[in-house]
Amino acid sequence: QVQLVESGGGLVQAGGSLSLSCAASGRIFSNYAMGWFRQAPGKEREFVVGFSWTGRSTTYADSVKGRFTISRDTAKTTVYLQMNSLKPEDTGVYYCASMRSPFRDSRTANEYGYWGQGTQVTVSS
């Protein structure tokens, strides 16, 4: 059974930093794209950043480019999200996700079949 477990998050002032982790288990994650999404109250879940299914490239939403960095450990079982220069509009529940199918990349939430429980990030102004 695939499991994704996020940790990190919390409350920070604007301009501050937070780090999130996502521990993955239950299958071999090579060939599956993984990413971070977020959902603010009253808004749809949106793509933030992700690794391609090859693991060799990353894609960032324009709103976080230059501020957020995704990385992973060499065993590819933990994905990290370093968030710097945080803004109030970054507030939301952050989810780690893995694609349902291999050999595909996507920014669309419904193509991701496995999700973590989510972790709250709140940025105060």
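Keep in mind it's a predicted model, so treat the numbers as computed, not measured.

Caption draft 1: Just the overall build of the chain, in detail. Of the regular secondary structure elements, the chain holds 0 helices and 11 strands. Its helices and strands in sequence order give the chain the pattern β-β-β-β-β-β-β-β-β-β-β, from N to C terminus. The globule rule puts the C-alpha radius of gyration for 125 residues at 14 Å, and the 13 Å found for the chain is close to it. When its C-alpha atoms are laid out on the principal axes, the chain stretches across 40 × 30 × 25 Å. A total of 125 residues make up the chain; the buried ones form 41% of that total. When contacts within the chain are restricted to residue pairs at least 6 apart in sequence, those whose partners lie at least 24 apart make up 57%. Surface exposure of the chain reaches about 6,400 Å², of which carbon and sulfur atoms provide 47%. If the 13 positive side-chain charges of the chain are averaged to one point and the 9 negative ones to another, these points end up 4 Å apart.

Caption draft 2: Structural context of the sheet that holds strand β1 (residues 3-8). Taking strand neighbours across the sheet as the criterion, the 4 strands line up as β1-β3-β8-β7 in an open arrangement whose pairing is antiparallel. Every interior strand has two partners, whereas the edge strands, β1 and β7 (68-72), have only one. Each neighbouring strand pair of the sheet contributes to a mean axis angle of 15 degrees, computed without reference to strand direction. Inspection of the sheet shows β1 paired to strand β3 (residues 18-25) by 6 bridges, in the antiparallel sense. What sits directly across from G8, in β3, is L20.

Caption draft 3: Spatial organisation of the state of the cysteines. The tally for this structure, following the rule as stated, stands at 1 disulfide. Here C22 pairs with C96 through a disulfide, and the sulfurs are 2.0 Å apart. Because the torsion about its S-S bond is -75 degrees, the bridge between C22 and C96 counts as left-handed. Taken together, the positions of C22 in strand β3 and C96 in strand β9 (residues 92-99) put the pair 74 residues apart, joining distant regions of the chain. Judged by its relative accessible area of 0%, C22 is buried.

Caption draft 4: Representation of the environment of W36 in the model. Looking at where W36 falls in the secondary structure, it is placed in strand β4 (residues 34-39). Taking the C-alpha atoms as reference points, W36 and T74, 38 residues apart in sequence, are found 18 Å from one another.

Caption draft 5: Geometry of the pattern of salt bridges. Enumeration according to the criterion identifies 5 salt bridges in this entry. One salt bridge connects R38 with E46, and the closest N-O pair in it is separated by 2.6 Å. Residue class for R38 comes out buried when judged on its relative accessible area of 6%. Looking at E46, the relative accessible area reads 36%, which means it is partly exposed. When the shortest N-O distance is used, the salt bridge between R104 and E111 registers 2.3 Å. Each member of the salt-bridge network shares a partner with another, and the members are R38, E46, R67 and D90.

Here is what the cut-offs are and how they apply
- Residues numbered from 1 in each chain as written.
- Predicted model: local features only at pLDDT ≥ 70, side-chain atom pairs only at ≥ 80, totals over all residues.
- Heavy atoms only, no water.
- Helix = DSSP H or I, 4+ residues; strand = E, 2+ residues; numbered from the N terminus.
- Rg over C-alpha atoms; globule rule 2.2 N^0.38 Å.
- Buried < 20%, exposed > 50% of the residue type's maximum accessible area, 1.4 Å probe, protein only.
- Contact = heavy atoms within 4.5 Å.
- Areas by Shrake-Rupley, 256 points an atom, 1.4 Å probe, with all protein chains shown as cover.
- Lys, Arg positive; Asp, Glu negative; His and termini not counted.
- Charge placed at Lys NZ, Arg CZ, Asp CG, Glu CD.
- Pairing = 2+ DSSP bridges.
- Axes fitted to C-alpha atoms, helices over the stretch in contact; angles between N-to-C directions.
- Disulfide = S-S within 2.5 Å.
- Salt bridge = Lys/Arg side-chain N within 4 Å of Asp/Glu carboxyl O.

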